[in-house]
Amino acid sequence: MIRRGLIVMIIGVVMIIATFAIAYSIMPPTISGGRESFFPDPENLFDSVTEKQRIEPGTTFTFSHTTETSQVPLMWGLHILNYQSDDQVSVTISNIFGDKFGSFNEGDPIFIKSFIIPKADSYNFNVENQGKNPVTAVMMFTENPEKSKALTDPNSTFNKSIVPLAIAGVLLILGILVLIVGIILSIVDWKKGKNQSRYI
């Protein structure tokens, strides 16, 4: 009973070690230039990705996406590959009939939005560069994200990297909590043992 704190502490340490083992197992190898990227590219989380496009300041480029379903969410995102802190873009969504489905002003390197597809159609995403620098960007699309290949395919980046990373995060938190409980129990047991030794 006196050693219960030590046992709990060991369990906490084992959980923390398991966390780092999981994180190390999913860490990608060094890529060109000696730079390591721990997190997967956002493009890997979408079913469809456009070609890179360079958009000069004050100009607009139109990305198009044709949907195959209706009344399901279309998750879309824009990734500015050469992002600088003062970059600013505007994205306006419409169809070939001129119906509007939203307009967004963003200053982040990656942003993701979604809307319900009213019907199978071609949708235009007009990206205007409102900043002072040329931007190189790609657009990403996934229809009905819950049934996306990125989420359902066991070999997808999501299931190979994001899920294990989430598990590692939960294990780390639990391991730290268990370690703290073990330390507290050790102190309590030590004090209890000290008090008992006075009466022997």
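Refer to the structure above for everything that follows.
All values reported here derive from a predicted model rather than from experimental measurement.

Asker: Honestly, the nonpolar core in this entry has me stumped. Any pointers?
Answerer: Across soluble globular proteins, nonpolar side chains have a tendency to be buried as a group. Formed by 20 residues in total, the largest nonpolar core has its most connected members in Trp76, Leu78, Val91, Phe115, Phe125, Val127 and Met139. Those elements giving two or more residues to this core turn out to be strand E4 (73-80), strand E5 (89-95), strand E7 (110-116), strand E8 (122-129) and strand E9 (135-143). Discounting residues that sit within four places of it in the chain, leucine 78 has contacts with Val89, Val91, Pro109, Ile110, Phe111, Val127, Ala137, Val138, Met139 and Met140.

Asker: Please explain the packing of aromatic side chains as it appears in this structure.
Answerer: One pair of aromatic rings is described through two measures. These are the centre distance and the angle between the planes. All chains considered together, the criterion is met by eight aromatic pairs. Seen in terms of ring centroids, phenylalanine 61 and phenylalanine 63 are 4.9 Å apart; in terms of plane orientation they differ by 70 degrees. Their pairing is edge-to-face. Judged by relative accessible area, phenylalanine 61 falls into the partly exposed class, the value being 28%. Phenylalanine 63 gets classed as buried once you look at its relative accessible area, which sits at 3%. Note on phenylalanine 101 and phenylalanine 115: the rings are 5.6 Å apart at their centroids and 25 degrees apart in plane angle, and the pair reads as stacked. Residue phenylalanine 101 is found in strand E6 (residues 100-106), and its partner phenylalanine 115 is found in strand E7; the two are separated by 14 residues along the sequence. With relative accessibility at 23%, the residue phenylalanine 101 sits in the partly exposed group. A residue is classified by how much of its surface remains accessible, and phenylalanine 115, at 11% relative accessible area, is buried. Connected via pairs of aromatic rings, a cluster forms that spans Trp76, Phe104, Phe111, Phe125 and Phe141.

Asker: Explain the sheet that holds E6 to me, please; I cannot follow it from the model alone.
Answerer: In a beta sheet, neighbouring strands pair by backbone hydrogen bonds and run either parallel or antiparallel. As summarised here, the arrangement of the four strands in space is E3-E8-E5-E6, forming an open sheet in which the pairing is antiparallel. Each edge of the sheet is formed by a strand with only one pairing partner; in this case those strands are strand E3 (60-66) and E6. Adjacent strand axes in the sheet meet at a mean angle of 15 degrees, parallel and antiparallel pairs treated alike.

Asker: Sorry, what's going on with the side chain of asparagine 95 here?
Answerer: Along the chain, the position of asparagine 95 falls in strand E5. A polar contact is formed between the side chain of asparagine 95 and the backbone nitrogen of phenylalanine 97, at a distance of 3.0 Å. Apart from residues lying up to four places away in sequence, asparagine 95 is in contact with Phe101, Asp121, Ser122, Tyr123 and Asn124.

Asker: How do you make sense of the pattern of salt bridges when you look at a structure like this?
Answerer: Two side chains that carry opposite charge are able to pair once their charged atoms sit near each other. In the structure shown here, the tally under the stated rule is two salt bridges. Taking the shortest distance from any N to any O, the salt bridge between glutamate 56 and arginine 54 comes out at 2.7 Å. Note that glutamate 106 is salt-bridged to lysine 113, the shortest N-O span being 3.4 Å. Look at glutamate 106 and you get buried, because its relative accessible area is 13%. A relative accessible area of 27% means that lysine 113 is categorised as partly exposed.

What counts as what
Residues numbered from 1 in each chain as written. Predicted model: local features only at pLDDT ≥ 70, side-chain atom pairs only at ≥ 80, totals over all residues. Heavy atoms only, no water. Core = buried A, V, L, I, M, F, W, Y, C linked by side-chain atoms within 4.5 Å. Buried < 20%, exposed > 50% of the residue type's maximum accessible area, 1.4 Å probe, protein only. Helix = DSSP H or I, 4+ residues; strand = E, 2+ residues; numbered from the N terminus. Contact = heavy atoms within 4.5 Å. Phe/Tyr/Trp six-rings, centres within 6.5 Å; stacked < 30°, edge-to-face > 60°. Pairing = 2+ DSSP bridges. Axes fitted to C-alpha atoms, helices over the stretch in contact; angles between N-to-C directions. Polar contact = N/O pair within 3.5 Å; in protein donor to acceptor, adjacent residues only side chain to side chain. Salt bridge = Lys/Arg side-chain N within 4 Å of Asp/Glu carboxyl O.

In short, geometric facts, not functional conclusions.
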